[in-house]
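Residue-level listing of the chains:
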Amino acid sequence: PWTMTEAGRGEFGAGARLHALLRGGCRASDENAPRSFPMTFDASATPVAVVARWHDALNAREHADVLALSDPAIEIVGPRGIAVGIEVLKGWLEGTNVQLRPFRTFARGGRVVVEEHGIWSDPASGQIIGRSDVASAFEVRDGRVARYERFDEVQEALTSSGLSGDDELASP
């Protein structure tokens with residue numbers, strides 16, 4: 001589901017709605033607000049807010065929204081190297097069936113690291129085929145994800161991003 005904050009920004013998912021309600025940023029009547037595709041982005045949004053929306057859209061399989069929140073020249077870093085561009089991200093989105101559930105966030109400037117519980121499912125059957133705690137490192141510029149990299153361990157992600165445990169954000 002989509003919600004509208006009082007500042008006019010759309011947010012996704014029950015988790016985002018709960019966080020907005022706790023912050024006082026949305027009204028209960030906004031819960032059924034209509035959506036439009038692709039989602040517009042807010043260049044003034046904090047990097048942490050952009051990454052939270054990116055996760056919500058990914059987990060809701062709202063691929064158009066993930067793409068709208070991503071820089072056209074996004075760098076995607078994986079075990080096989082670096083790929084660049086929105087078409088690469090689009091291909092990854094179409095080929096993956098993953099839920100990434102964040103439980104710790106670290107941030108400084110435009111760099112955000114999220115430790116998350118990953119759940120991979122078979123696209124045909126929906127049966128869970130894997131679970132693992134992983135970490136994702138993001139670089140956000142001008143309100144969009146400009147770089148995404150997944151790590152097996154949060155410490156690797158922090159080191160790669162130039163962050164440390166001191167950059168951990170308090171849980172809501």
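Here the structure is a predicted model, which means the values were calculated and not measured.

### So, the side chain of Ser 161
Consideration 1: Considering the arrangement of structural elements, one finds Ser 161 in helix H5 (residues 154–161).
Consideration 2: The class for Ser 161 is buried, based on a relative accessible area of 11%.

### Section: unusual backbone geometry
Backbone phi values are negative for most residues with the exception of glycine, while trans is the configuration of most peptide bonds.
Consideration 1: Backbone geometry places Arg 61, a non-glycine residue, at a positive phi of 60°.
Consideration 2: By secondary structure assignment, the location of Arg 61 is in the loop between helix H2 (47–59) and helix H3 (63–68).
Consideration 3: Residue classification places Arg 61 among the partly exposed positions, given a relative accessible area of 37%.
Consideration 4: Backbone geometry places Asp 142, a non-glycine residue, at a positive phi of 55°.
Consideration 5: When you line up the elements, Asp 142 lands in the loop between strand S7 (128–141) and strand S8 (144–151).
Consideration 6: What makes Asp 142 exposed here is its relative accessible area of 65%.

### Remarks on the side chain of Asn 59
Consideration 1: With respect to the secondary-structure elements, Asn 59 resides in helix H2.
Consideration 2: Ignoring sequence-local partners within four residues, the contact set of Asn 59 consists of Val 98, Gln 99, Leu 100 and Arg 101.

### Overview of the pairing of S8
Consideration 1: For strand S3 (residues 70–78) and S8, the ladder comprises four bridges, and the chain directions are parallel. Residue pairing for S8: Glu 75 is matched across the bridge by Arg 147.
Consideration 2: Linking two consecutive strands that pair antiparallel, namely S7 and S8, is a turn of two residues; a positive phi of about 55° is found at Asp 142 within it.

Rules behind the numbers
Residues numbered from 1 in each chain as written. Predicted model: local features only at pLDDT ≥ 70, side-chain atom pairs only at ≥ 80, totals over all residues. Heavy atoms only, no water. Helix = DSSP H or I, 4+ residues; strand = E, 2+ residues; numbered from the N terminus. Buried < 20%, exposed > 50% of the residue type's maximum accessible area, 1.4 Å probe, protein only. Contact = heavy atoms within 4.5 Å. Pairing = 2+ DSSP bridges.

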